[in-house]
Amino acid sequence: MKKYLLLFIAVFLLIHCGVFEFLTRQYVTISGRIPPPYLDKRGAASPGDALTLSDAQKVLAFYGNHYSLSEIRNGSFSIGTPAGWATALAFLDSGNAFIGNLFCGGLNMLPLVGLIDGGQTAIDLSNLTLDGCSVIPEHDPLGNEIILDDEVLECLRITGAYFASLAANIDSDGDGIPDILNEKQVILTSRFVLEGGLYGTDTSDAVLYDSSRYRLGYSLRAEGGRNVAPDQGDIRLSGPQEDPYAQIDVWQQLYLAGGDFIASFKVGGYEDSSLSEGISSPYPFRFGTYTLTVGNLPGRTLYYSNMGVEPYLALAVPTLRTDADGKLTSIGLEYRLPDGTPVDPVQLLTDITFQFDSHEGRLFQLGELYDLTDAPSEVDFSEISVRPSRNIDGLCRVTVGYIDLVGNEYNVIWFDREP
Ligand SMILES: [Ca+2]
C-alpha cells in the first residue's frame, strides 16, 4: 500500500491529460510610483547606510516558480503578471539587491483573483513608501480592484506565510542576486493529505467527515530552479536550527527535464497507519530556519512558516455524475471549510486534478497540477466535464488534488463507502 501510494502521488505531477479546455492566460497590469530621493525616508529597520526606495531601479514580480522583471523609469513602473495567482512584488536596486516587497491589506503579496475587470484589470498602486522591508502603497487594491470574501482574505493571510519570509528567502545562496533571476530559487510550500469523507453519486450525497475525524497528513515541498543542483545530487533537509528534528525523510525527489527539481519531505520517526503513511507526518513542520543541501554543495538557509492552516483548508467535495451506462460524464464540486462554511474556489485555487482508483490500482487521472498555462479565472471549478465519458467500474476512491493561490498542495481522498 505504501509503495503504491508513493507512486500515485509522484505520478500526480507528471501526467498530462488534456481534459480541460483552457483559455489563454490573462495578464493584470500593476503600476506605481517611487518617491524622488529628497522625499524618501530610510526603512525603519534599516541601518544608516541602507538602501532607500528611491534606490529602486527594478520591480520583480513572482508567482509560483515564475517571474517577470520590469525597469523603473523616471520613478514609475508598470508590470504585467498573470491573473489567478498570488504575486509578490520585490523592489531591487540596479545591482538587484533587495530593498523591500509590497505589503498591503496584511498580505506580503497581491492575490490576483476577485478582479473587478477580470484579466483586463489595471492596478495603480500610486505612490509607494518604505517601512522596514515593507513597501506600502498609497492606493490599496484590496477592496477596490481586488474584491475578496473575508474568509478568503483570512485564509490567504494564514496560508501565504511563505511570502512573509520573502525577504529572508529571496537570496538564499547569498550571491547578492535574487535567486529566481538566475534560476537558483528554492521555494518551500506545504502539502496536505487528508481523508475528507465519501464522494457523492447520482443516488447518494457526498459526506464531509467531521473535522475531529479526518486525519490530516503534512509534508513540506521544495521546488528548486535548474541552477540549484546542476549535478542532480541527493536532496536533504535539516532543521529547524532553533529546535531541530532528529530525522527528516525525503519521500520524493524528482529532477524534471531542464534540471528543475521537486523534493518532498516528512518528519521521520512517527508511527502512522493512515492512507498517507510514508508521505506525510501527522504534525506540521515547525516554523523556523531549515537547511537544504544538494549533493556536496553548500547548504541553503531557508525560512519556513505555515501557521495553523487547518481551519482554512478549502475542501473540494466531489459528486460523480454518470450516464445511463454508468460512465462518468462530469464531476460536481462544492468547496467548504472544515466547519462546513462554503467558500468561493476561484478565489483560492489555481489548478485541480483527479485520481480514480479501484482496490486493484489506478483507473485513470484527469488534469495536471503545477500547470501554469491555464487561466484559473476561466476554469469552472464547480462542474468539470469529462469527455469522453469514463468507465468507473470498481471505483472505490477519488483523490482531488489542487494548488492554492500561494502554491500549497492539497490531496483530499474521498471513498465510496464507510470503511
Ligand atoms: Ca542569489
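About the cut-offs
- Residues numbered from 1 in each chain as written.
- Predicted model: local features only at pLDDT ≥ 70, side-chain atom pairs only at ≥ 80, totals over all residues.
- Helix = DSSP H or I, 4+ residues; strand = E, 2+ residues; numbered from the N terminus.
- Buried ≥ 20, exposed ≤ 12 C-beta atoms within 10 Å, placed from the backbone.
- Contact = placed C-beta atoms within 7 Å.
- Pairing = 2+ DSSP bridges.
- Axes fitted to C-alpha atoms, helices over the stretch in contact; angles between N-to-C directions.
- Core = buried A, V, L, I, M, F, W, Y, C linked by C-beta atoms within 7 Å.
- Domains from an automatic or database assignment.
- pLDDT = per-residue confidence, 0-100.

K.L.:
Help me out: how do you make sense of the overall build of the protein chain in this one?
P.N.:
Counting its secondary structure elements, the protein chain contains four helices and 24 strands. Across the 419 residues that make up the protein chain, the buried fraction comes to 42%. Taking the contacts inside the protein chain whose residues are at least 6 apart along the sequence as the reference set, 70% of them involve residues at least 24 apart.

K.L.:
Hey, could you run me through the pairing of strand 13 (residues 235–238) in this one?
P.N.:
It is a general feature of regular strands that their side chains alternate between the two faces of the sheet. Residues of strand 13 alternate between two faces, with Ile235 and Leu237 buried on one and Arg236 and Ser238 left unburied on the opposite face. Inspection of the sheet shows strand 13 paired to strand 16 (residues 288–294) by four bridges, in the antiparallel sense. Within the sheet, the bridge partner assigned to Ile235 lies in strand 16 and is Val294.

K.L.:
Even after reading the chapter, I still don't get the sheet that holds strand 13, so can you show me in this structure?
P.N.:
Either a parallel or an antiparallel arrangement is found when strands of a sheet pair, and the pairing is made through backbone hydrogen bonds. If you trace the three strands from one edge of the open sheet to the other, you get 13-16-17, paired in antiparallel fashion. This sheet does not close on itself; its edge strands, each paired only once, are strand 13 and strand 17 (300–304). Shown here is a sheet whose adjacent strand axes are inclined to one another by a mean of 30°, direction ignored.

K.L.:
What exactly am I supposed to notice about the sheet that holds strand 18 (residues 315–322) here?
P.N.:
Strand order across the open sheet formed by three strands is 18-19-22, with antiparallel pairing between neighbours. Unpaired on one side and paired on the other, strand 18 and strand 22 (383–390) mark the two borders of the sheet. Neighbouring strand axes in the sheet, compared pairwise and without regard to direction, differ in orientation by 25° on average. When strand 19 (residues 328–336) meets strand 22, the two strands line up antiparallel, connected through four bridges. When the sheet's bridge partners are listed, Ile331 is paired in strand 22 with Ile384.

K.L.:
Teacher, can you tell me more about the nonpolar core here?
P.N.:
Note that soluble globular proteins tend to have their nonpolar side chains buried in a common cluster. Of all hydrophobic cores here, the largest spans 99 residues; its most connected members are Leu53, Val59, Phe91, Leu315, Ala316, Val400 and Val412. Summarising the domain contributions, this core has at least three residues from each of domain 1 (27–182) and domain 2 (186–195 + 217–304). Non-local contacts of Val412, meaning those with residues more than four positions away in its chain, are made with Leu194, Gly196, Leu315, Ala316, Thr399 and Val400.

K.L.:
Just to check I follow, could you spell out unusual backbone geometry for this structure?
P.N.:
Glycine aside, residues mostly have negative phi, and peptide bonds are mostly found in the trans state. Cis geometry is adopted by the peptide bond preceding Pro240, which originates at Gly239 and carries an omega value of -5°. Note on placement: Pro240 falls in the loop between strand 13 and strand 14 (248–255). With omega at -5°, the peptide bond leading from Arg387 into Pro388 counts as cis. By secondary structure assignment, the location of Pro388 is in strand 22. Even without being glycine, Asn74 reaches a positive phi, approximately 50°. As for its placement among the helices and strands, Asn74 is situated in the loop between strand 3 (66–71) and strand 4 (76–82). By C-beta crowding, Asn74 is classed as exposed, having 8 other C-beta atoms within 10 Å.

K.L.:
How do you make sense of the confidence of the model for the protein chain when you look at a structure like this?
P.N.:
If pLDDT is low for a region, its predicted coordinates should not be looked at in detail. Across the protein chain, pLDDT averages 83, with 83% of residues at or above 70. This stretch, residues 1–24, has a pLDDT under 50; its non-local contacts, to residues over four places away or in other chains, come to 44 contacts. Low pLDDT, under 50, characterises residues 371–377; the stretch is placed with 27 contacts to residues that sit more than four places away or in other chains.

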